[in-house]
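Below are the chains, spelled out letter by letter.
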Amino acid sequence: MTKAHIRPAQPGDKAQILAFCQHTWDDEADYIPTVWDLWLADPAGHILVADINGQPVGMTRLVQLSDTEGWWEGLRVDRAFRRRGIGSRLTQTALDLGHSLGLTTLRTCINVTNTSMHPFVQHQGFSPLGDYAIYHAASENAPTALRLLEKDDCDRAWAAINRFVEQERDLLFVVRGAKWQALTSAHLAQRLGQSWVWGCFEGDTLVGLFIRSPMENPDGTLWTGWLGGTAAGVQAALHGLCRVAHSAGFRAIGGFLPQGTLATVLKTIGHECSDTSVYRLYEKRL
Ligand SMILES: CC(C)(COP(=O)(O)OP(=O)(O)OC[C@H]1O[C@@H](n2cnc3c(N)ncnc32)[C@H](O)[C@@H]1OP(=O)(O)O)[C@@H](O)C(=O)NCCC(=O)NCCS
């Protein structure tokens, strides 16, 4: 059998790639058709295609999120061509590309139910950082205790965030819908400038903080980039957010939250935290 050739995606690949992505999973639809045009148009992203005699039979994507961080996603191989090493070659090419772009950290996430992929990514040198569950709650028409923070609040907000984090992975921000990236004071300043940061206070002390994230495919949900605080602060922030979301015209709030303490808080206040949409975040140093 002819060996697949790995090359950058071209606009003409769309029909064949979306055709085999109809059959990615046995029981659910693939999201690739909803993002293909956005992905192809994004100058920060690189879609790689596995091509056999001009026929696209696989794809993957690497996105540059900062000077040093990248996100690897969307690995797909046409069912008719699986278990022939194509997925591994696409992955290796994506890793090599990340290296040539000067990236030092790559991350990816895999649904915990995708059992064959966990050994696959670990074999590629990725280590698990933790599990994150998708949560949703409807927006709510009521006054909120949350306060919109401003640029002047940057130093105290950054100090509060660093007080709230317990481990390095807690300082990751979910960008563009579902890609994890290190949260820095510069990002915080940028989000404050966008009026995307809210805090809740006990007296003058910040006890909870929420940073909104941009969504790749906006769907009327106010999406969580980062959420943290004391137990009471997080609870107050989540309640308050449903109200902020309503006044800003969103139908719902949502996001990925680390399983564990935050999931317990969500259940306590009656927010839905999915047991099935749980993703394991992985990281690899290049
Ligand atoms: C995951 C996927 C891209 C793998 O593509 P592939 O071309 O078949 O992968 P490879 O042939 O390079 O497989 C490499 C190794 O991964 C493991 N592997 C791959 N698919 C597997 C499966 N279905 N079950 C168990 N192990 C599997 C095996 O160890 C395999 O080596 P082997 O064939 O020598 O045993 C493909 O199955 C696919 O498109 N799946 C659906 C989408 C998906 O799960 N994407 C990744 C998460 S978003």
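On a predicted model such as this, the values are computed, not experimentally measured, just so you know.

Basis of the calculations
Residues numbered from 1 in each chain as written. Predicted model: local features only at pLDDT ≥ 70, side-chain atom pairs only at ≥ 80, totals over all residues. Domains from an automatic or database assignment. Contact = placed C-beta atoms within 7 Å. Helix = DSSP H or I, 4+ residues; strand = E, 2+ residues; numbered from the N terminus. Core = buried A, V, L, I, M, F, W, Y, C linked by C-beta atoms within 7 Å. Buried ≥ 20, exposed ≤ 12 C-beta atoms within 10 Å, placed from the backbone. Axes fitted to C-alpha atoms, helices over the stretch in contact; angles between N-to-C directions. Parallel < 35°, antiparallel > 145°, perpendicular 65-115°, else oblique. Left-handed = near helix turned anticlockwise from the far one by under 90°. Arc of directions from axis to C-beta. Right-handed = clockwise from strand over helix to strand, strands pointing away. Near = placed C-beta within 6 Å. Nonpolar A, V, L, I, M, F, W, Y, C, P; charged D, E, K, R; others polar.

Points about the domain arrangement of the protein chain
Here's step 1: In terms of domains, the protein chain is made up of domain 1 (5-103) and domain 2 (134-280).
Here's step 2: Its C-alpha centre places domain 1 at a distance of 31 Å from the equivalent point of domain 2.
Here's step 3: Domain 1 puts 8 residues into the contact, and the matching count from domain 2 is 6 residues.
Here's step 4: Of all elements in the fold, only α2 (32-41) and β4 (69-77) reach the threshold of two or more residues within the side of domain 1 that touches domain 2.

Points about the nonpolar core
Here's step 1: Among the nonpolar cores identified, the biggest contains 77 residues, and L48, A157, L209, A237, L241 and L257 are the most heavily contacted of them.
Here's step 2: Both domain 1 (5-103) and domain 2 (134-280) contribute no fewer than three residues apiece to this core.
Here's step 3: Sequence-distant contacts of A157, that is, excluding residues within four places in its chain, are made with L149, L188, V197, G199, L206 and L209.

Some points on the packing of helix α5 (residues 154-164) against helix α6 (residues 185-193)
Here's step 1: Following both chains from N to C, one finds α5 and α6 inclined at 130°, their axes separated by 10 Å at the closest point. Considering their axes alone, α5 and α6 lie oblique with respect to each other. With respect to the hand of their crossing, α5 and α6 are arranged in right-handed fashion. On α6, the residues touching C154, A157 and W158 of α5 are S185, L188, A189 and L192.

Some points on α5
Here's step 1: Looking only at α5, the buried set comprises A157, A160, I161 and F164. Here the buried residues of α5 occupy an arc of 100° about the axis, which is enough to place them on one side. Exposed side chains of α5 directed beyond 90 degrees from the buried face belong to D155, A159 and N162.
Here's step 2: Each element contacted by the buried residues of α5 is listed here: α6, β10 (197-202), β11 (205-212) and β12 (221-229).

Observations concerning the pairing of β12
Here's step 1: Of all 9 residues making up β12, 8 are buried, and the element is well covered by its neighbours.
Here's step 2: With respect to chirality, the unit in which β12 leads through helix α7 (residues 231-247) into the neighbouring parallel strand β13 (residues 252-258) is right-handed.

Structural notes on the site of the ligand
Here's step 1: V77, R82, G87, S88 and S116 are the nearest of the 16 residues found near the ligand.
Here's step 2: When residues of the shell around the ligand are traced back to their parent elements, those giving at least two are β4, α3 (86-100) and α4 (117-123).
Here's step 3: Within the shell around the ligand, the residues separate by chemical class into 6 nonpolar, 6 polar and 4 charged.

Examining unusual backbone geometry
Of all residues except glycine, most have a negative phi; of all peptide bonds, most are trans.
Here's step 1: One non-glycine residue, N53, lies in positive phi territory at about 50°.
Here's step 2: Structurally, N53 is set in the loop between β2 (45-52) and β3 (55-64).
Here's step 3: Given 8 C-beta atoms within a 10 Å radius, N53 is considered exposed.
Here's step 4: The phi dihedral of S195 is positive, around 60°, even though this residue is not glycine.
Here's step 5: Looking at the secondary structure, you find S195 in the loop between α6 and β10.
Here's step 6: On the neighbour-count criterion, S195 (13 C-beta atoms within 10 Å) is partly exposed.

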